[in-house]
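Coordinate analysis (summary)
Each chain, written out:
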Amino acid sequence: MEAYDAVVIGAGNGGLTAAAGLAQKGLKVLLLERHNIPGGCATSFCRGRFEFEVALHQLSGMGTTERPGPLRMLLASLGVLEDLTFVEMKDLFSVSMTDGFRLTLRADKDQVISELEQRFPHEKAAIHQFFDLVYAYANNMLAAFFFKDPAPSREKYPVLYSHAFKPASEVLDEIFTDPLLKGLLSVYWGYLGLPPNRLSFAYLAMLLFVYIEFKPFHIKGGSQALSNAILNRFLSNGGTARFNGGAKRIIVENGAVQGVVTDDGDRIQTEHVVSNASQITTYAQLMDRENIPDQVFTEMGGRSLSPSAFTLFVGFDCEPGELGITGSTNFLIDSFEFDDRIFSRMRSVDITDETMVLSCYDVADPDFSPAGACQANIVTLKYGEPWMRIPPARYHSVKFQCAESMLRRVEAIFPGVRTHIEELEAATPLTHMRYLGHPEGAIYGFEQYTKDSMFFQPGRYAPIEGLYFASGWIGDCGFQPTLNAGMSAAKSILKKLDAA
Amino acid sequence: MSKAIFEAFDGYQGIVDEIDFSRKHGVDYTVYRDSVDQQINLLHPSRISLRVSDIIVESPSTKTLRFVSQDGYLPPFLAGQYIAFFLEVGGVRTRRPYSLSSPPNQTGYYDITVRRVERGRVSNYLLDEARRGDILEGSGPSGHFYFNPVFHDRTQVCLAGGSGITPFMSMIREAVECGLDRTFYLFYGNKTLDEAIFHDELGRLSGRFQNIIYVPVIENPPGGYAGATGLITGDLIMKTIGDVADKTFYLCGPQGMYDFCVPELQRMGVPLRKIRREIYGPPAHIWEDPAWPREIKAEDHFRVRVAGGKPIDARAGEPLLTALENAGLRVPSLCRSGECSMCRIKILSGKVFQPAGVPVRKSDRQFGYVHACVSFPIEDLEILT
Ligand SMILES: Cc1cc2nc3c(=O)[nH]c(=O)nc-3n(C[C@H](O)[C@H](O)[C@H](O)COP(=O)(O)OP(=O)(O)OC[C@H]3O[C@@H](n4cnc5c(N)ncnc54)[C@H](O)[C@@H]3O)c2cc1C
Ligand SMILES: Cc1cc2nc3c(=O)[nH]c(=O)nc-3n(C[C@H](O)[C@H](O)[C@H](O)COP(=O)(O)OP(=O)(O)OC[C@H]3O[C@@H](n4cnc5c(N)ncnc54)[C@H](O)[C@@H]3O)c2cc1C
Ligand code: FES
């Protein structure tokens, strides 16, 4: 029987860094991926002369070479920096509203503040107050947790103690009166999956802080380049990767991992498994119920599935300027309502007035698409469940209808896009389900309510010896957190082996 | 152990209550099991079992094979898509894509229409060996050659060559049977008239329906033939369609047809974004490619080592995928034309020749990945599958 020190299930961000981190330390590691390419969300696909980016809109936590952020340091430690070229985006984002409102914020604290002051002179003091609060929160948080203060207290970290569990909209309502301004400062909720009335201020503050301080980035060759680079490092450190075949079963005996059975029926002996698949898949599909303590399902049962997404990938036969696109990251917004209407929109299949983000990578990186062409990735969040009720025979026509509605929204802001379309592909929640294997196509794992944050959930640990998780399902989602999650899982295994 | 610090955060107790509540009224995730796979299999099964229910002779060199599903379910498809068959022929496990020629509204069966390729492994097998009742394994429907209502024009100008008629047959049948608001100009090129598949059916349909305009184009017509002859030229197309505005152009046929027809369309003023080309397998005579290295002959042989295993033999003029399959290796494939990336492999050392324009991801190129179905060995190789 084949034997490995560790088997990693899934080659998404978390699986890749876990595998690479273990192989780097000399462990014999097997990486199993159901698809024919590494990356999970972090991937691309080709249509005609275009290579479409699937997921990455803005990479967080990179920082510059002079002032490296946590992600740059992580990638450096894996030895993949030299294989990649990062493109800094100068703008935080642009917002375009159907009523003609336009605003672009540069990725710089002072410039963000002065731009907002100019546009909202009546909220001048509030703007300062808000950013002071965001920065105070982030600095408190980093000092207490990232730098692991051994003796934290309310006196040292007042904002952390008072704001960690507050809803974002409550904080915004306390500080601002102008609904437009509140909306603008919380557009990033889309990167987390919960509207501001349900999202905690902590998440919003950290996201703003991280993007402003470490700048948003993109990668030459897209997120696939990152996935390929990490896999390449894994292989050159002696790792074994198998594609087109995932894990079918995790073998557990006496509460400890004993091996894995692959989709091809091969039995692999190992005492360590890192699962990059969802916890639901890992527990409910890959393992026998009798090996799982009830506590697991009780804990998990209190959590809900995050939305999936509807995405349009469009290749244009002209430069972005000709379409009127001048920013890399564009939030297209109809209105700023912070009530549960946003939520119910996400629960319906059709697309009308939802917020969407349109990324045009060619603005920051003119080589992204072929010369004289450009591409847009337009995404809006949609729960997967309603899509699962569409009869298969109707699937394609519903998909086209949604694509058409989405394109109309884009046309309302950038008229004339339709006359330049060369390629167009749409991805539905079912597409995400197919390519990620996640229940209901959830792209952000479990929903990120405060109760689901790292403080209250088991994270990468399982009550089964040798089993670890590394993915967006264990807590925070996004590239930086999931890449980090894989490294943490690797470290846990290394630590355990060191201790033995 | 001392209390965790977050227990002192404002609002802590409320969160704890929320957790209790949510668990009490929680979701039972144990029932999820393989529900994801089941849901996906309704649309994109990785494998389906098909039984030959009928075989219809279409022309001296062509038959239609009709398939029904073994388990009673056939996934939906878009007219123009193909499925790949997974077969073992002459002791070699291989796969071949065939466009569905039946319309998608016909949910009871799938038709494929196969034309004989001289010395071809699978076409000859399907034409000569397949019998009613045989069970074949296939992929789910795939491919990107279909009418996309979001940005294609409702007037479709279709250029077909030989067996390249099949996706158009599916589209036209659907349009007629479902009364779709679309117009088809179909130019169908063949060497001889008796090779034109579906000639009678197309003639009938264009006689009955105003929105189906069928123009067969015969290279070597029989004496006294009154229809269009020679190749499908820009002049012929312009004369028939009037102008190029508000029309999308679709091509499906051999490479030679694309090489000739695409410049013709461009000369007519059709922008590239309006020209959709179906993939059609690897180039048949790769050594005639202008970029092919002169010193290499099609018959040259190279040694290919797979992950340090024992070397296998590969011919320069043949796709690497074929050599791997001949040696008994399992390499998945679907389109066998470079498009789908299923046959992606990593070249560790040595060189392959890849025709221009193969859609390989940029970072795949950077890290040495190629699509084996359109890669031709021009040195000894070491690869990772
Ligand atoms: C449309 C979209 C936009 C996004 N935009 C951003 C953004 O701008 N910035 C940002 O930071 N984040 C963004 N994200 C989020 C980010 O992409 C994800 O949080 C992150 O990539 C998830 O990584 P993961 O490690 O959880 O693995 P995933 O990407 O979820 O991959 C899981 C992998 O496991 C494999 N797998 C599952 N089951 C098995 C099995 N049984 N055997 C073998 N393999 C299996 C799957 O095939 C898959 O490859 C976006 C995501 C999407 C979909
Ligand atoms: C998306 C797609 C859809 C297709 N749909 C159909 C279809 O509807 N009907 C159909 O009959 N075929 C179709 N084909 C072609 C089919 O997949 C096979 O390539 C064909 O049947 C030959 O396979 P073979 O095993 O007989 O020949 P092989 O043993 O693979 O090839 C033998 C030799 O013939 C050459 N050759 C391969 N194909 C052709 C060809 N079409 N014309 C001339 N020479 C060729 C090869 O280069 C090789 O030198 C399609 C191909 C693609 C990519
Ligand atoms: S089989 Fe599709 S790219 Fe080779």
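Because the structure is a prediction, the values reported are computed rather than measured. (Residues numbered from 1 in each chain as written. Chains lettered and ligands numbered in written order. Predicted model: local features only at pLDDT ≥ 70, side-chain atom pairs only at ≥ 80, totals over all residues. Heavy atoms only, no water.)

Here's the deal with the overall build of chain B
Counting its secondary structure elements, chain B contains nine helices and 19 strands. Considered along the principal axes of its C-alpha atoms, chain B spans approximately 100 × 55 × 50 Å. In chain B, which comprises 385 residues, the share counted as buried stands at 53%. Counted over contacts in chain B with a minimum sequence separation of 6, partners at least 24 positions apart contribute 68%. Approximately 17,400 Å² of chain B is accessible, and the part contributed by carbon and sulfur atoms is 49%. Positive and negative charge centroids in chain B, built from 44 and 46 side chains respectively, lie 2 Å apart. (Helix = DSSP H or I, 4+ residues; strand = E, 2+ residues; numbered from the N terminus. Buried < 20%, exposed > 50% of the residue type's maximum accessible area, 1.4 Å probe, protein only. Contact = heavy atoms within 4.5 Å. Areas by Shrake-Rupley, 256 points an atom, 1.4 Å probe, with all protein chains shown as cover. Lys, Arg positive; Asp, Glu negative; His and termini not counted. Charge placed at Lys NZ, Arg CZ, Asp CG, Glu CD.)

Brief notes about unusual backbone geometry
A negative phi holds for most residues other than glycine; trans holds for most peptide bonds. The residue Asn 254 of chain A is not glycine, and still its phi comes out positive at about 50°. Looking at the element boundaries, Asn 254 of chain A is found in the loop between β11 (247-253) and β12 (256-262). Of note in this structure, Arg 119 of chain B is not a glycine but carries a positive phi near 60°. Mapped onto the elements of the fold, Arg 119 of chain B is located in the loop between β5 (110-115) and α3 (121-128).

Structural notes on the side chain of Asn 13 of chain A
All names here are of chain A. Looking at the element boundaries, Asn 13 is found in helix α1 (residues 13-24). Residue Asn 13 is classed as buried on the basis of its relative accessible area of 9%. When sequence neighbours within four positions are dropped, the list of residues in contact with Asn 13 reads Gly 39, Ala 42, Asn 276, Phe 479, Thr 482 and Leu 483.

A few points about the interface of chain B and chain A
The partner chain A presents 73 residues to the 55 residues of chain B that form the contact. The contact between chain B and chain A buries some 5,700 Å² in all, and 62% of this surface belongs to carbon and sulfur atoms. Asp 37 of chain B is paired through a salt bridge with Arg 34 of chain A; the nearest N and O atoms lie 3.4 Å apart. Contributions of two or more residues to the side of chain B that touches chain A are made by α1 (12-24), α2 (35-43), β15 (344-349) and α9 (362-366) of chain B. Residue composition of the side of chain B that touches chain A, by class: 31 nonpolar, eleven polar and 13 charged. (Buried area = accessible area lost by both parts, 1.4 Å probe. Salt bridge = Lys/Arg side-chain N within 4 Å of Asp/Glu carboxyl O. Nonpolar A, V, L, I, M, F, W, Y, C, P; charged D, E, K, R; others polar.)

Brief notes about the site of ligand 2
Residue and element names in this part refer to chain B. The environment of ligand 2 is made up of 22 residues, and the closest members are Pro 97, Tyr 98, Val 122, Ser 123 and Thr 166. In the environment of ligand 2, an oxygen atom lies 2.8 Å from a nitrogen or oxygen atom belonging to the side chain of Arg 96. Take Arg 115: an N or O atom from its main chain is 2.8 Å from an oxygen atom of ligand 2. Protein contact buries 75% of the 920 Å² of open area that ligand 2 shows by itself. Where the shell around ligand 2 is concerned, the elements lending two or more residues are β4 (92-99), β5 and α3. Examining the composition of the shell around ligand 2, we find that four residues originate from one element, β4, more than from any other. Residues that form the shell around ligand 2 fall into these classes: ten nonpolar, eight polar and four charged. (Near = heavy atom within 4 Å. Polar contact = N/O pair within 3.5 Å; in protein donor to acceptor, adjacent residues only side chain to side chain.)

So, empty space enclosed by the protein
Taken as a whole, this structure holds one cavity of 30 Å³ or more when the rule is applied. Estimated volume of the largest cavity: approximately 40 Å³. Around the largest cavity, the lining residues are Lys 399, Phe 400, Ala 403, Leu 424, Glu 425 and Ala 426 of chain A together with Tyr 146 and Asn 148 of chain B. Going through the elements one at a time, α15 (392-413) and β19 (421-427) of chain A are the ones with two or more residues in the lining of the largest cavity. Classifying every residue of the lining of the largest cavity by side-chain character gives five nonpolar, one polar and two charged. (1 Å grid on protein atoms, 1.4 Å probe; cavity = no way out; pocket = protein on both sides within 12 Å on 5 of 7 lines; lining within 4 Å. Points joined across faces, edges and corners; volume = space filled by probe spheres on them.)

A closer look at the nonpolar core
Counting residues in each nonpolar core, the largest one holds 82 residues, and the members touching the most others are Leu 116, Phe 130, Tyr 137, Leu 160 and Tyr 188 of chain A. Discounting residues that sit within four places of it in the chain, Tyr 188 of chain A has contacts with Gln 58, Leu 92, Phe 93, Leu 204, Leu 207, Leu 208, Tyr 211 and Phe 331 of chain A. Core analysis: the next-biggest nonpolar cluster, separate from the first, contains 46 residues, Val 157, Ile 165, Met 171 and Ile 172 of chain B among them. (Core = buried A, V, L, I, M, F, W, Y, C linked by side-chain atoms within 4.5 Å.)

A few points about α1 of chain B
The end-to-end C-alpha distance of α1 of chain B, which contains 13 residues, comes to 19 Å, matching closely the 18 Å that a straight helix rising 1.5 Å per residue would cover. Every buried residue of α1 of chain B is accounted for by Tyr 12, Ile 15, Ile 19 and Ser 22 of chain B. Down the axis, α1 of chain B shows its buried residues gathered within 90° of arc, on one side only. Opposite the buried face of α1 of chain B, at more than 90 degrees from it, the exposed residues are Phe 21 and Lys 24 of chain B. Buried positions along α1 of chain B lie against α11 (294-301) of chain A. (Expected span 1.5 Å × (residues − 1). Arc of directions from axis to C-beta.)

Quick notes on the domain arrangement of chain A
Accessible area lost when the parts come together is the quantity often used to give the size of an interface. All names here are of chain A. Along its sequence, chain A is carved into domain 1 (2-84 + 221-303 + 448-499), domain 2 (108-210) and domain 3 (307-436). Here the C-alpha centroids of domain 2 and domain 3 sit 28 Å apart. Residue-level contacts link 19 residues of domain 2 with 13 residues of domain 3. Between Arg 198 and Asp 340 there is a salt bridge, and its shortest N-O distance comes to 3.0 Å. Counting across the interface, domain 2 meets domain 3 through two residue pairs in polar contact (both at pLDDT 80 or more). Here the side of domain 2 that touches domain 3 gets five residues from one element, more than from any other, and that element is helix α7 (residues 179-185). Here the residues of the side of domain 2 that touches domain 3 sort into eleven nonpolar, six polar and two charged. (Domains from an automatic or database assignment.)

Topic: the sheet that holds strand β1 (residues 2-3) of chain A
The strand order across the open sheet formed by four strands is β1-β13-β12-β11 (chain A), and the pairing between neighbours is mixed. With partners counted over all chains shown, the strands left at the sheet margins are β1 and β11 of chain A, one partner each. (Pairing = 2+ DSSP bridges.)

Structural notes on the site of ligand 1
Residue and element names in this part refer to chain A. Contacts to ligand 1 come from 32 residues, most closely from Gly 14, Glu 33, Ala 55, His 438 and Phe 479. Note that a nitrogen atom of ligand 1 is positioned 2.6 Å from one of the backbone N or O atoms of Ala 55. Between Gln 58 and ligand 1, the recorded distance is 3.1 Å, taken from a backbone N or O atom to an oxygen atom. With the chains in place, 97% of the 1,000 Å² that ligand 1 exposes on its own is no longer accessible. The set of elements that each furnish at least two residues to the shell around ligand 1 consists of α1, α16 (429-436) and α17 (479-499). When residues of the shell around ligand 1 are assigned to their parent elements, the largest contribution, three residues, is made by α16. Each residue belonging to the shell around ligand 1 can be placed in one class, and the counts come to 13 nonpolar, 17 polar and two charged. Lining the shell around ligand 1 are residues from two domains, each supplying at least three of them: domain 1 (2-84 + 221-303 + 448-499) and domain 3 (307-436).

A few points about the domain arrangement of chain B
For chain B, the domain assignment lists domain 1 (48-138), domain 2 (155-277) and domain 3 (286-384). Centre-to-centre, using C-alpha coordinates, domain 2 of chain B lies 34 Å away from domain 3 of chain B.

Let's talk about the packing of aromatic side chains
A full pass over the atoms with the stated rule returns 44 aromatic pairs over all chains. Ring geometry for Phe 77 of chain B and Tyr 110 of chain B: centres 5.5 Å apart, planes at 90°, overall edge-to-face. In this pair, Phe 77 of chain B is assigned in the loop between β2 (62-69) and β3 (82-89) and Tyr 110 of chain B in strand β5, connecting sequence segments 33 residues apart. Here Phe 77 of chain B matches Tyr 110 of chain B in class, with each residue buried. Residues Phe 85 of chain B and Tyr 98 of chain B carry aromatic rings whose centres are separated by 6.4 Å and whose planes lie at 55° to one another, so their mutual orientation is tilted. In this pair, Phe 85 of chain B is assigned in strand β3 and Tyr 98 of chain B in strand β4, connecting sequence segments 13 residues apart. For the pair Phe 85 of chain B and Tyr 98 of chain B, a shared accessibility class is recorded, and that class is buried. Here the aromatic cluster, defined as three or more aromatic residues joined through ring pairs, consists of Phe 145, Tyr 161, Phe 165, Phe 455 and Phe 456 of chain A together with Phe 6, Phe 9 and Tyr 12 of chain B. Across from the ring centre of Tyr 4 of chain A, 4.6 Å away, lies the NZ or CZ of Lys 28 of chain A, which sits over that ring. The aromatic ring of Phe 198 of chain B is capped on one face by Arg 173 of chain B, whose charged end is 5.0 Å from the ring centroid. (Phe/Tyr/Trp six-rings, centres within 6.5 Å; stacked < 30°, edge-to-face > 60°. Lys NZ or Arg CZ within 6 Å of the ring centre and 35° of its normal.)

Observations regarding the environment of Ser 304 of chain A
Within the fold, Ser 304 of chain A resides in the loop between α11 and β15 (308-316). Separated by 141 residues in the primary sequence, Ser 304 of chain A and Gly 445 of chain A have C-alpha atoms spaced 8.8 Å apart. Among all residues touching Ser 304 of chain A, those that are not within four sequence positions of it are Gly 445, Phe 446, Glu 447 and Tyr 449 of chain A together with Tyr 29 of chain B. Within polar-contact distance, the side chain of Ser 304 of chain A engages the side chain of Glu 447 of chain A at 2.6 Å.

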